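Residues per chain are reported as follows:
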Amino acid sequence: MTGCSPCSTLPARRRSRALALGLTASVLALGAGGHAVLKPRLYPDDFDGGGGDPVTVRIAPGATAADVASTLAGAGVVASVGSFVNVAEQRSMASWLRPGHYRLRRGMAAAAALDLLLAPGSRVVRRVTVPEGLRVEETLRRVAAQSGLPLNELRAVDPALVETPAYAAGLEGFLFPATYEVEPAARGVDVLAAMVERFGVTARQLRLRQRAARVHLTPLEAVTVASIVQVEACAVPDYPKIARVIYNRLRRGLPLRLGSTLAYAQDGRTVSVTRSDSPYDTFTRKGLPPGPIANPGEKALMAALYPARGDWRWFVTTDPLHRITKFTNKESEFVRYRKELNENLGTN
């Protein structure tokens with residue numbers, strides 16, 4: 001007789017019960033092991049509440065929800081990667097996460113951390129607002145004051161590193177006026193590059209190269225006209241009219257006779273003498289100055305590319321306080337407008 005297992009000698013009913021008990025024990029064992037494996041995924045560790053000590057974290061560009069979770073867990077903001085990923089996916093907000101520096105707190109519930117990351121006030125940035133019509137030096141001083149960047153660092157930036165247009169002779173005219181967000185780790189070259197890039201976007205939108213050719217100008221000349229318009233005009237509706245005066249005088253071979261260009265030559269905002277050897281002296285020299293005299297905004301660029309229709313050859317801001325500018329094609333009226341200006345200024 002061959003050998004056999006002990007179960008084989010049991011009655012059929014008892015043998016079935018033993019097999020069932022053995023199978024149940026195996027399933028229970030497997031279930032306990034599976035639960036131990038799956039528990040961190042199904043129920044990841046999570047903190048309660050809004051956290052304690054403040055901490056600043058950086059979310060890198062292109063970071064996924066898992067990358068963000070790993071950064072937060074590493075900084076002690078959330079208890080685990082899984083807790084944050086689960087909340088972000090459950091709320092379908094993984095794609096809402098943006099790069100930047102954020103003020104958070106250590107020991108936060110994952111949901112609270114997500115809420116804070118999505119709150120605009122949590123982002124650590126300095127906003128720099130540059131108005132239209134500033135010159136490069138004025139722009140750099142404003143950026144330094146509002147961003148905390150050293151002025152000398154901004155002055156030392158090589159225009160080649162910020163990729164100014166090929167037709168640009170420098171930064172003047174191409175530091176686009178707008179509001180910029182400056183991250184804590186930003187360098188001077190990063191900020192100026194963003195300003196030049198913003199100019200490039202606007203120039204492409206306005207089709208600056210193509211439109212400049214339509215008004216018989218090079219792209220640099222178009223930006224130069226826009227900068228003059230920006231400085232000379234007191235009111236936006238006058239922008240296209242001033243551009244037309246410039247073009248009418250250029251076409252007739254007349255000097256532009258603009259105080260703004262002469263003041264630029266003298267590195268001031270008002271004219272201290274009436275003549276200069278500078279190529280920016282448009283009283284004695286015909287044609288446009290060699291480059292922009294300030295950084296124009298979109299409306300001034302538009303005016304240079306789409307000037308108003310008219311035969312005006314002169315304009316005078318007769319009432320600067322109320323921003324009233326008058327246009328004429330008659331020299332006698334121009335003389336009268338100048339007298340009106342002097343009366344308003346009390347210089348008669």
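Scroll up for the structure.
Residues numbered from 1 in each chain as written. Predicted model: local features only at pLDDT ≥ 70, side-chain atom pairs only at ≥ 80, totals over all residues. Heavy atoms only, no water.

Undergrad: Even after reading the chapter, I still don't get the overall build of the protein chain, so can you show me in this structure?
TA: The number of helices and strands found in the protein chain is 13 helices and six strands. Put simply, 63% of the contacts in the protein chain that link residues at least 6 apart link residues at least 24 apart. Here the protein chain has roughly 19,400 Å² of accessible surface; of this, 53% comes from carbon and sulfur atoms. (Helix = DSSP H or I, 4+ residues; strand = E, 2+ residues; numbered from the N terminus. Contact = heavy atoms within 4.5 Å. Areas by Shrake-Rupley, 256 points an atom, 1.4 Å probe, with all protein chains shown as cover.)

Undergrad: Could you clarify how one ought to interpret the packing of helix H9 (residues 219-232) against helix H12 (residues 298-305) in this entry?
TA: Pairs of packed helices are described in terms of their axes, by the angle between the two and the distance that separates them. As a packed pair, H9 and H12 sit with axes 8 Å apart at the nearest point and diverge in direction by 120 degrees. Judged on the interaxial angle alone, H12 and H9 are oblique. The two elements H9 and H12 meet at a crossing, and its hand is right-handed. Mapping the contact onto sequence places Ala222, Val223, Val225, Ala226, Val229 and Gln230 in H9 and Ala300, Leu301, Ala303, Ala304 and Leu305 in H12. Here the residues of the contact of H9 with H12 sort into 10 nonpolar, one polar and no charged. (Axes fitted to C-alpha atoms, helices over the stretch in contact; angles between N-to-C directions. Parallel < 35°, antiparallel > 145°, perpendicular 65-115°, else oblique. Left-handed = near helix turned anticlockwise from the far one by under 90°. Nonpolar A, V, L, I, M, F, W, Y, C, P; charged D, E, K, R; others polar.)

Undergrad: Where do I start with the packing of aromatic side chains in this structure?
TA: Evaluation of the coordinates by the stated rule reveals six aromatic pairs. For the ring pair Trp314 and Phe334, a centre distance of 5.8 Å and an interplane angle of 25 degrees mean the geometry is stacked. Linking Trp314 in strand S5 (residues 314-319) with Phe334 in helix H13 (residues 331-345), this pair joins segments that are 20 residues apart in sequence. Note on Phe315 and Phe327: the rings are 6.0 Å apart at their centroids and 35 degrees apart in plane angle, and the pair reads as tilted. (Phe/Tyr/Trp six-rings, centres within 6.5 Å; stacked < 30°, edge-to-face > 60°.)

Undergrad: I keep staring at helix H10 (residues 239-251) and nothing clicks. Help me out?
TA: The periodicity of an α-helix, 3.6 residues per turn, causes residues three or four positions apart to be oriented the same way. Between its terminal C-alpha atoms H10 stretches 19 Å, which fits the 18 Å expected from 13 residues at 1.5 Å a residue. When we look at burial in H10, the residues that qualify are Tyr239, Ile242, Ala243, Arg244, Val245, Ile246, Tyr247, Asn248 and Arg249. On its buried side, H10 packs onto H9, H12, S5 and strand S6 (324-328). Immediately beyond the C-terminal end of H10, within one or two residues, lies Gly253, with a positive phi of roughly 75 degrees. (Expected span 1.5 Å × (residues − 1). Buried < 20%, exposed > 50% of the residue type's maximum accessible area, 1.4 Å probe, protein only.)

Undergrad: Hey, could you run me through the side chain of Arg244 in this one?
TA: Mapping Arg244 onto the fold places it in helix H10. Excluding anything up to four places from it in sequence, Arg244 contacts Arg251, Pro307, Ala308, Arg309, Gly310 and Trp312.

Undergrad: Honestly, the pattern of salt bridges in this entry has me stumped. Any pointers?
TA: A side chain of one charge can pair with a side chain of the opposite charge if their charged atoms are brought near each other. Taken as a whole, this structure holds nine salt bridges when the rule is applied. Note that Glu137 is salt-bridged to Arg141, the shortest N-O span being 3.1 Å. Separated by four residues within a single helix, Glu137 and Arg141 lie in helix H5 (residues 136-147), roughly one turn from each other. One salt bridge connects Glu340 with Lys326, and the closest N-O pair in it is separated by 3.1 Å. Here Glu340 is found in helix H13, whereas its partner Lys326 is found in strand S6, with 14 residues between them in sequence. The class of Glu340 is partly exposed, set by a relative accessible area of 23%. Its relative accessible area of 27% is what places Lys326 among the partly exposed residues. (Salt bridge = Lys/Arg side-chain N within 4 Å of Asp/Glu carboxyl O.)

Undergrad: Any chance you could explain the environment of Arg103 here in plain terms?
TA: By the secondary structure assignment, Arg103 is in strand S2 (residues 100-105). Among the residues examined, Arg103 registers a relative accessible area of 48% and is labelled partly exposed. Separated by 14 residues in the primary sequence, Arg103 and Leu117 have C-alpha atoms spaced 8.3 Å apart.

Undergrad: Which parts of the structure should I look at to understand the nonpolar core?
TA: Of all hydrophobic cores here, the largest spans 63 residues; its most connected members are Leu192, Phe199, Val229 and Ile246. Put simply, the parts of the chain that give this core at least two residues each are H5, helix H6 (151-155), strand S4 (179-182), helix H7 (188-205), helix H8 (208-214), H9, H10 and H12. Judged by nonpolar contacts, the second largest core, of 23 residues, contains Leu72, Val87, Ala88 and Leu116. (Core = buried A, V, L, I, M, F, W, Y, C linked by side-chain atoms within 4.5 Å.)

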